[in-house]
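Close look at the chain arrangement
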Amino acid sequence: MAAATFGAANTTATLKEPAIQLRGFDGLRSSSSSSSNSLALTRHFGVFSLPTPRRLSTPVKPATETKRSKVEIIKEHSNFIRYPLNEELLTEAPNVNESAVQLIKFHGSYQQYNREERGGRSYSFMLRTKNPCGKVPNKLYLTMDDLADQFGIGTLRLTTRQTFQLHGVVKKDLKTVMSSIIHSMGSTLGACGDLNRNVLAPPAPLAKKDYLFAQQTAEDIAALLTPQSGFYYDMWVDGEKFMTAEAPEVVKARNDNSHGTNFPDSPEPIYGTQFLPRKFKIAVTVPGDNSVDILTNDIGVVVVSDENGEPQGFNIYVGGGMGRTHRMESTFPRLADPLGYVPKEDILYAIKAIVVTQRENGRRDDRRYSRMKYLIDSWGIEKFRDVVEQYYGKKFEQFRELPEWEFKSHLGWHEQGDGALFCGLHVDNGRVGGKMKTTLREVIEKYNLDVRITANQNIVLCGIKKAWKRPITTTLAQAGLLQPKYVDPLNLTAMACPAFPLCPLAITEAERGIPDILKRVRAVFEKVGLKYNESVVIRVTGCPNGCARPYMAELGLVGDGPNSYQIWLGGAPNQTVLARTFLNKVKVQDLENVFEPLFYHWKRRRQSKESFGDFTNRVGFEKLQEWVDKWEGVEAAPTRYNLRLFSDKDTYDKMDGLAKLQNKTAHQLAMEIVRSYVAAQENGKAE
């Protein structure tokens, strides 16, 4: 499908660039000579008229073979993501072959093995759910909790895209686990693979027009871009479909082909056989609430309301993305650009037009450059907008003015606005296990609560009656699920990806390493005189793919070798500024050599209320490097022996011995114990 792909019948289009390239992948083009001749005329004259475009469900092999990645060929021959996965699942082998590994991603699973085991690979599968807005019905939560114990590793992982990850499922149990999720109002369809992933939205169950509208829009977008060919249900529930009724406007938008967006003879009208070039991420939010890292998505959608609070339309951002490859400067993280504004009734058509523009033009030869951010970086936002408007059939309106963004954690107790309460709970790195897991299940099951997962790996309990607040608070506190004021501020905003031992891409530790890193940062804070309530946004990943969005952090640590990190500085607390590479190959044992001079000078040279990220950008990396190079250390303050804190010298000595085992001072450990005790007592008395 050459130029004809974006025009309706008899549409005349004027191109700003005679040599505009509308497709980077020949496999989906029509092979008709009329299309080829039209394209040739376009390049010569710049103006042309097109017949109604004809889309094909199966790629037609072009006369000259265009280079394609191996994954593109696997998709083409898969019978819409079925073969050879359907055969591989029936074998006695504990794993599936390379083609099936690629296809099972579309079903929401990754094949993994424990990289720390020796003497052969112990294969298992990670399953990821699809939960638009992070919404998890009560039944689904209880099912996931059961599955983690029966078929997983005994823990659940809350992800940075508001979903669950269930690790450790062996191949013979996949169908049982998948069907259990489907029968419990859940799905893993499209949680991975080259298609639209989970759609984010603020997790707060607030009875406010803008929040409700944002969440409904996220669900509608998720429905619009859900695969239609039935491969998921064929594989896991023998073709039985468990689909909720779709809104009529979703069905109408999906089927609309008035601007040449669809494959009319395909079971996948939007995706075709090839789906998208790579993963695709969308988030929806309301002005001011950046709980979803809006600028890191392929598409960011922001509700725009009138003076009476009535939603009128949406601002749209495009081109965000985190992944990159070490030592390849041509790969990079990128913030989304403003595209324009659309009235609320057009949002699904605008989203579809953007997705189709990426489908038709995103690179399919080298997957390192296949995300939409590279298309926009190559074309520029103006050219990208021009092409999207051809599929949309309208011009985008002027981007509406928005207030400053703020990171909102939605942690703690809040009024929903409908007479009920919600409670946001911090979960370190999203790992739900042990007593925390048992207690969460107890509360969720006893009070029949629905939950929501946040994009910061936390969990929100919804629909709580006011009379339940005190007993729920007491029960949670006893399991270490404390109110945010009792959690170290460094932990509240920190995130890490799972990394070792199961992630095949991990270069070094992330989830297992960040607890110690945060304790060491806290120790440096105390050493240089920073207060306990001061904080920086710290994110750690085991590789450069950026699952925990480290490139938005004030201090990002990105694995670049065994026990080694690349250090990124300059993000903002509200996640609106992209960090930059500061240092490479910093060994984990040498992190204090970087942290100490940076935090020391931030403490002494910052402007009023200046965040660490803003400080590093204002001072400049050259000066920061000079401080690190010349650093000779802070003279340690004498250990505080506080008779009012410690009852006697013997108690102090014992506490000091325990503290040294945890790389802390006696005072630090004692204060942590006191804080936890006070928190448990106060939470137990909460009304």
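Residues numbered from 1 in each chain as written. Predicted model: local features only at pLDDT ≥ 70, side-chain atom pairs only at ≥ 80, totals over all residues. Heavy atoms only, no water.

Counting secondary structure elements, the protein contains 21 helices and 21 strands. Residue burial in the protein is summarised as follows: out of 687 residues, 59% are buried. Restricting to contacts in the protein with at least 6 residues of sequence separation, those with at least 24 account for 70%. Accessible surface computed for the protein: about 28300 Å², of which carbon and sulfur atoms make up 50%. (Helix = DSSP H or I, 4+ residues; strand = E, 2+ residues; numbered from the N terminus. Buried < 20%, exposed > 50% of the residue type's maximum accessible area, 1.4 Å probe, protein only. Contact = heavy atoms within 4.5 Å. Areas by Shrake-Rupley, 256 points an atom, 1.4 Å probe, with all protein chains shown as cover.)

All told, the structure shown has 23 aromatic pairs when counted by the stated rule. For the pair F599 and W602, a centre-to-centre distance of 6.4 Å together with 55° between the ring planes defines the contact as tilted. With F599 and W602 both in helix 17 (residues 592-605) and three residues apart, the pair spans about one turn of that helix. Here F599 matches W602 in class, with each residue buried. Grouping aromatic residues by their ring pairs yields a cluster made of F525, F595, F599, W602 and F612. Seen from the ring of Y341, R400 lies directly overhead, with NZ or CZ sitting 3.7 Å from the centre. Here R606 stacks its cationic end above the ring of W602, 4.7 Å away from the centre of that ring. (Phe/Tyr/Trp six-rings, centres within 6.5 Å; stacked < 30°, edge-to-face > 60°. Lys NZ or Arg CZ within 6 Å of the ring centre and 35° of its normal.)

Let us look at the sheet that holds strand 13 (residues 421-425). Whether parallel or antiparallel, the strands of a sheet pair through hydrogen bonds between backbone atoms. Across the sheet, which stays open at both edges, the five strands sit in the order 5-15-16-13-12 with antiparallel pairing between neighbours. The outermost strands of the open sheet, each flanked by one partner alone, are strand 5 (135-136) and strand 12 (412-415). Bridge count between strand 12 and strand 13: four bridges; the pairing is antiparallel. Across the sheet, residue G412 finds its bridge partner in strand 13, namely G424. (Pairing = 2+ DSSP bridges.)

A few words on the sheet that holds strand 20 (residues 564-569). Taken in spatial order, the five strands line up as 17-18-19-20-21 in an open sheet, and their pairing is mixed. Each end of this open sheet is capped by a strand with a single partner; those strands are strand 17 (495-496) and strand 21 (580-587).

Locating V577 in the fold gives a position in the loop between strand 20 and strand 21. Among the residues examined, V577 registers a relative accessible area of 29% and is labelled partly exposed. V577 sits 37 residues away from D614 along the chain, and the two C-alpha atoms are 9.2 Å apart.

Our focus in this paragraph is the side chain of D145. Take D145: it is sitting in helix 5 (residues 138-150). The class of D145 is buried, set by a relative accessible area of 3%. Setting aside residues up to four positions removed in sequence, D145 forms contacts with L156, K437 and R441.

Let's shift gears to the packing of helix 13 (residues 434-446) against helix 14 (residues 469-478). Interhelical geometry of helix 13 versus helix 14 gives an angle of 165° and a closest axis separation of 9 Å. With respect to helix 14, the element helix 13 is oriented roughly antiparallel. Taken as a pair, helix 13 and helix 14 cross one another with a handedness that is right-handed. Contact with helix 13, carried on its side by K435, T439, L440, E442 and V443, involves I472, T475, L476 and Q478 of helix 14 and no other residues of that element. Broken down by class, the residue content of the contact of helix 13 with helix 14 amounts to four nonpolar, three polar and two charged. (Axes fitted to C-alpha atoms, helices over the stretch in contact; angles between N-to-C directions. Parallel < 35°, antiparallel > 145°, perpendicular 65-115°, else oblique. Left-handed = near helix turned anticlockwise from the far one by under 90°. Nonpolar A, V, L, I, M, F, W, Y, C, P; charged D, E, K, R; others polar.)

Moving on, we come to the pairing of strand 19 (residues 555-561). Among the seven residues in strand 19, seven count as buried, and that is most of the element. In this antiparallel pair of consecutive strands, strand 19 and strand 20, the connection spans two residues, and N563 shows a positive phi of 55°.

Right, let's get into the packing of helix 5 against helix 13. Where helix 5 meets helix 13, the closest approach of the two axes is 10 Å, and the angle between their N-to-C directions is 150°. Put simply, helix 5 runs roughly antiparallel to helix 13. Pair helix 5 / helix 13 crosses with left-handed handedness. Contacts between helix 5 and helix 13 pair N138, Y141, L142, D145, D146, A148 and D149 from the former with K437, L440, R441, I444 and E445 from the latter. By residue class, the composition of the contact of helix 5 with helix 13 is five nonpolar, one polar and six charged.

Attention now goes to helix 14. Buried within helix 14 are the following residues: I472, T473, L476 and A477. Summarising the axial view, the buried residues of helix 14 lie within an arc of 125°, below the 170-degree limit, and thus occupy one face. (Arc of directions from axis to C-beta.)

A cis amide bond links Y83 with the next residue in sequence, P84, at an omega value of 5°. On the secondary structure map, P84 appears in the loop between helix 2 (70-76) and helix 3 (85-88). Cis geometry marks the peptide bond from F500 to P501, where omega comes out at 5°. Along the chain, P501 falls in the loop between strand 17 and helix 16 (514-528). With a phi angle near 65°, I81 is a residue other than glycine that sits in the positive phi range. A residue is classified by how much of its surface remains accessible, and I81, at 0% relative accessible area, is buried.

This brings us to the confidence of the model for the protein. Here the protein averages 89 in pLDDT, and 86% of its residues register 70 or above. Under a pLDDT of 50 for its full length, residues 1-64 has, in the predicted model, 124 contacts with residues more than four places off or in other chains. (pLDDT = per-residue confidence, 0-100.)

Among the eight residues in helix 11 (residues 372-379), six count as buried, and that is most of the element. When helix 11 is considered as a whole, its buried residues turn out to be M372, K373, Y374, L375, I376 and W379. On the buried face of helix 11, the contacting elements are strand 9 (299-305), strand 10 (311-318), strand 11 (337-343), helix 10 (347-361) and helix 12 (381-392). Following helix 11 by one or two positions, G380 has its phi on the positive side, about 90°.

Inspection of every chain in the model, using the stated rule, returns 41 salt bridges. A salt bridge links R441 to D146; the nearest nitrogen and oxygen atoms lie 2.8 Å apart. You can see R441 sitting in helix 13 and its partner D146 sitting in helix 5, a full 295 residues away along the chain. The class for R441 is buried, based on a relative accessible area of 17%. Where R359 meets E360, a salt bridge forms, and the shortest distance between an N and an O atom there is 3.0 Å. (Salt bridge = Lys/Arg side-chain N within 4 Å of Asp/Glu carboxyl O.)

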